[in-house]
Amino acid sequence: MPIGAFQDNEALFARLTAEDFASAAHEEAKKEPLSNPVIRSLKKHLSAVRVNVIGTDESRISIRAYIWGMTILRNPPSLWLTINPTDTHDPIVQVFAGEDIDLDSFDRTGGPDSAERAKIVADDPYAAAKFFHFVVCAVFEELMGITVHKHKRVDHITRREGIFGTVEGYIGTVEAQGRGTLHLHTLIWLRGAPSSVQRKAALQTLDFRSRVAAYIASNICAHHEQVLKESLATMSREKAISYSRPLDPRLPSFTTSHYDVEGQLVRAVQVHKCGPGCLKVIGGRLLCKRRAPFPLALEAWIDSSGDWGPQRTYRFLNNWNPTLLLATRSNHDCKLITNGEGTKHIAWYISSYAAKRQQHSCNASALLAKTIAYHRRDEAHHSDIRTLNKRLLQCCANALSREQEFSAPEVVSYLMGWGDRYISHHFQMIHWGSVAGILKRTYPFLKDLQ
């Protein structure tokens, strides 16, 4: 926001009344655009104030700039990944909560039952948050082969080849579901991935498309011989399947047993069922926001425009990565990003969707109407407009922050310094308005250029 914007609106802010905000609250309740330009300007200033406050919508949306910066630096992202660890049943979270469980000699019939495990996690949000961040770090470091060593001034990154190849970097946001559990949406940049222009040209060749299709077949699955429509109708899924230990890939039996275990996990955690959480009215029709039922395909494919799909013979199976599924024993989703349009949509989703649940039960304009009434009364002894307006912004920002809604694991994450994002690289903000001002003062002819 330009430096002079606040000074330009000083007199207008001073004339705002509680009635102005009440009218805005009425418009907001009806989901109409705000008609008062002064209130619109005030909210823009509030966004600028709140962008550095952790947990706010503005802070989350600022991640969008990092995505564009990483795309400029390292070409577009290659993968979109959602990780949803099952905190209520995984034995690791029970250990974090203090339960006496021997993970080396794990006995699934021992320890607390399913209902007791859920109660333990609900009573201990610290254990739930610690488990989530432990799993995410393990996935990045052990499965993807990328480790970020945090230092005061410079972050050092070590890489090795992982399940998707060599990961150049990642940007992800942590989101709380309706019941408070955490999950991660993240973009993955792979080393050596082509630029948008190179990718578009390469997709016109059969050889490149064949290689990409082979990559999809190896890393993004949506078909399993033991999970077909017919078998799902006759076989019940295993409950609380995450209360187990992952298969040890070092054991001789791994090569013969992992496919059967994968099938059990797919049946338990990767079958999509449409319900109130995903069904939305779009264009007068009730549709699944996950776009189920998914298209069928006899084999993995990609066409010259970048549209792609994994092998799928049952329309309600979510995508999964076999190694990630065996390791986490929990629901996740994996998508290949093949064009700039996809990058744009996912960048918007990862920043806006993760923030949209904040303050869902309050009307921001109504909150500000109450705030300005108290502000006018308490600051009546001040005569300096600039001081009054600065305090107005401060009071409004604090009022919105007080109504911010967080689950208990989110609160623990902030208190412990774990945060709500995973970003491999360090970004430095450049305030372009200041740079442009210096350039125009140094080279006056630039003022005449558009």
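See the structure shown above.
Residues numbered from 1 in each chain as written. Predicted model: local features only at pLDDT ≥ 70, side-chain atom pairs only at ≥ 80, totals over all residues. Heavy atoms only, no water.

Draft legend 1. Layout of the packing of helix 9 (residues 125-143) against helix 18 (residues 408-415). Look at helix 9 against helix 18: their axes get within 8 Å of each other, and the N-to-C directions meet at 70 degrees. By the angle between their directions, the pair helix 9 and helix 18 is classed as roughly perpendicular. In the packing of helix 9 onto helix 18, the handedness of the crossing is right-handed. Along its contact with helix 9, which presents Pro125, Tyr126, Ala128, Ala129 and His133, the element helix 18 presents Ala408, Pro409, Val412 and Ser413. Looking at the contact of helix 9 with helix 18, its residues break down into 7 nonpolar, 2 polar and no charged. (Axes fitted to C-alpha atoms, helices over the stretch in contact; angles between N-to-C directions. Helix = DSSP H or I, 4+ residues; strand = E, 2+ residues; numbered from the N terminus. Parallel < 35°, antiparallel > 145°, perpendicular 65-115°, else oblique. Left-handed = near helix turned anticlockwise from the far one by under 90°. Contact = heavy atoms within 4.5 Å. Nonpolar A, V, L, I, M, F, W, Y, C, P; charged D, E, K, R; others polar.)

Draft legend 2. Region of interest: the pairing of strand 10 (residues 332-336). Among the 5 residues in strand 10, 4 count as buried, and that is most of the element. Here strand 1 (residues 79-83) runs beside strand 10; their pairing, made up of 5 bridges, is antiparallel. Counterpart to Trp80 in the pairing with strand 10 is Lys335. (Buried < 20%, exposed > 50% of the residue type's maximum accessible area, 1.4 Å probe, protein only. Pairing = 2+ DSSP bridges.)

Draft legend 3. How the structure looks around the nonpolar core. Among the nonpolar cores identified, the biggest contains 41 residues, and Leu79, Phe140, Met144, Leu184 and Ile188 are the most heavily contacted of them. For this core, the elements supplying multiple residues, two or more each, are strand 1, helix 9, strand 2 (146-149), strand 4 (167-176), strand 5 (182-190), helix 11 (206-219) and strand 10. Ranked by the residues each element gives to this core, the list is headed by helix 9, at 9 residues. Residues Leu16, Val38, Leu46 and Leu392 belong to the second largest nonpolar core, which totals 14 residues. (Core = buried A, V, L, I, M, F, W, Y, C linked by side-chain atoms within 4.5 Å.)

Draft legend 4. Molecular detail of the packing of aromatic side chains. On inspection of all chains with the given rule, the structure shows 9 aromatic pairs. Each ring, one from Phe140 and one from Tyr170, has its centre 3.9 Å from the other, and the planes form 10 degrees; the classification is stacked. On the criterion of sequence distance, the pair formed by Phe140 in helix 9 and Tyr170 in strand 4 is long-range, its members being 30 residues apart. Pair check on accessibility: Phe140 and Tyr170 agree, each one buried. With 6.0 Å between their ring centres and 45 degrees between their planes, Phe140 and Tyr422 make a pair best called tilted. Placement of the pair is Phe140 in helix 9 and Tyr422 in strand 11 (residues 421-423), with a sequence separation of 282 residues. What makes Phe140 buried here is its relative accessible area of 2%. Grouped by ring-pair contacts, the aromatic residues Phe140, Tyr170 and Tyr422 constitute a single cluster. (Phe/Tyr/Trp six-rings, centres within 6.5 Å; stacked < 30°, edge-to-face > 60°.)

Coordinates in, geometry out; function isn't part of it.
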